[in-house]
Amino acid sequence: QVQVVESGGGTAQPGGSLRLSCAVSGSEFSIYVMGWYRQAPGKQRELVAQIGSSGRAYSANSVKGRFTISRDNAKRTVYLQMSSLKPEDTAVYYCDAYRNLTASHHWGQGTQVTVSS
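1. Structural notes on the overall build of the protein
Step number 1: Within the protein one finds zero helices and eleven strands.
Step number 2: Secondary structure of the protein in N-to-C order comes out as β-β-β-β-β-β-β-β-β-β-β.
Step number 3: Relative to the 2.2 N^0.38 estimate, which gives 13 Å for 117 residues, the radius of gyration of the protein is 13 Å and therefore close to what a compact globule would have.
Step number 4: Seen along its three principal axes, the alpha-carbon backbone of the protein occupies a region of about 40 × 25 × 20 Å.
Step number 5: Relative to its full complement of 117 residues, the protein shows a buried share of 40%.
Step number 6: Sequence-distant contacts, at least 24 apart, represent 54% of the contacts inside the protein between residues at least 6 apart.
Step number 7: For the protein, the exposed area adds up to about 6,200 Å²; of that, 45% sits on carbon and sulfur atoms.
Step number 8: A gap of 3 Å separates the mean positions of the 12 positive and 7 negative side-chain charges of the protein.

Given below as structure tokens:
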């Protein structure tokens with residue numbers, strides 16, 4: 001059974017930085033497209049960044065130039081480095097392990113990120 005566990009959320013001031021981590025167990029990590037999503041109160045969940053097994057990455061326009069997604073296949077972990085944080089980045093951030101072959105998603109429990117002065 002695939003398990004996805006996020007860590008690293010918390011509170012930061014505007015302009016500050018946080019790094020989220022997401023560890024995957026129970027399956028071969030390299031087969032998954034890894035993604036970070038977020039959901040703010042009253043809003044739909046949105047894709048923040050995504051990275052394939054080869055390292056090819058995508059970032060939403062709202063975070064481009066501020067957030068960087070990366071993965072370490074040996075450690076079975078994906079990271080989201082967040083810099084120049086804004087109050088509108090406040091949300092619960094979810095990690096997703098997506099397998100193209102079966103079109104299946106495996107979600108983590110979410111981690112809260114709050115940006116406030």
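Resuming the write-up.
2. What about the state of the cysteines?
Covalent bonding between the sulfur atoms of two cysteines is what defines a disulfide.
Step number 1: For the coordinates displayed, the defined rule picks out one disulfide.
Step number 2: A disulfide bridge connects C22 with C95, and the sulfur atoms are separated by 2.0 Å. Of note, the bridge from C22 to C95 carries an S-S torsion of about -85 degrees and is left-handed in sense. Taken together, the residues span a long stretch of sequence, with C22 in strand β3 (residues 18-25) and C95 in strand β9 (residues 91-99) at a distance of 73 residues.
Step number 3: Residue class for C22 comes out buried when judged on its relative accessible area of 0%.

The rules behind the values
Residues numbered from 1 in each chain as written. Predicted model: local features only at pLDDT ≥ 70, side-chain atom pairs only at ≥ 80, totals over all residues. Heavy atoms only, no water. Helix = DSSP H or I, 4+ residues; strand = E, 2+ residues; numbered from the N terminus. Rg over C-alpha atoms; globule rule 2.2 N^0.38 Å. Buried < 20%, exposed > 50% of the residue type's maximum accessible area, 1.4 Å probe, protein only. Contact = heavy atoms within 4.5 Å. Areas by Shrake-Rupley, 256 points an atom, 1.4 Å probe, with all protein chains shown as cover. Lys, Arg positive; Asp, Glu negative; His and termini not counted. Charge placed at Lys NZ, Arg CZ, Asp CG, Glu CD. Disulfide = S-S within 2.5 Å.

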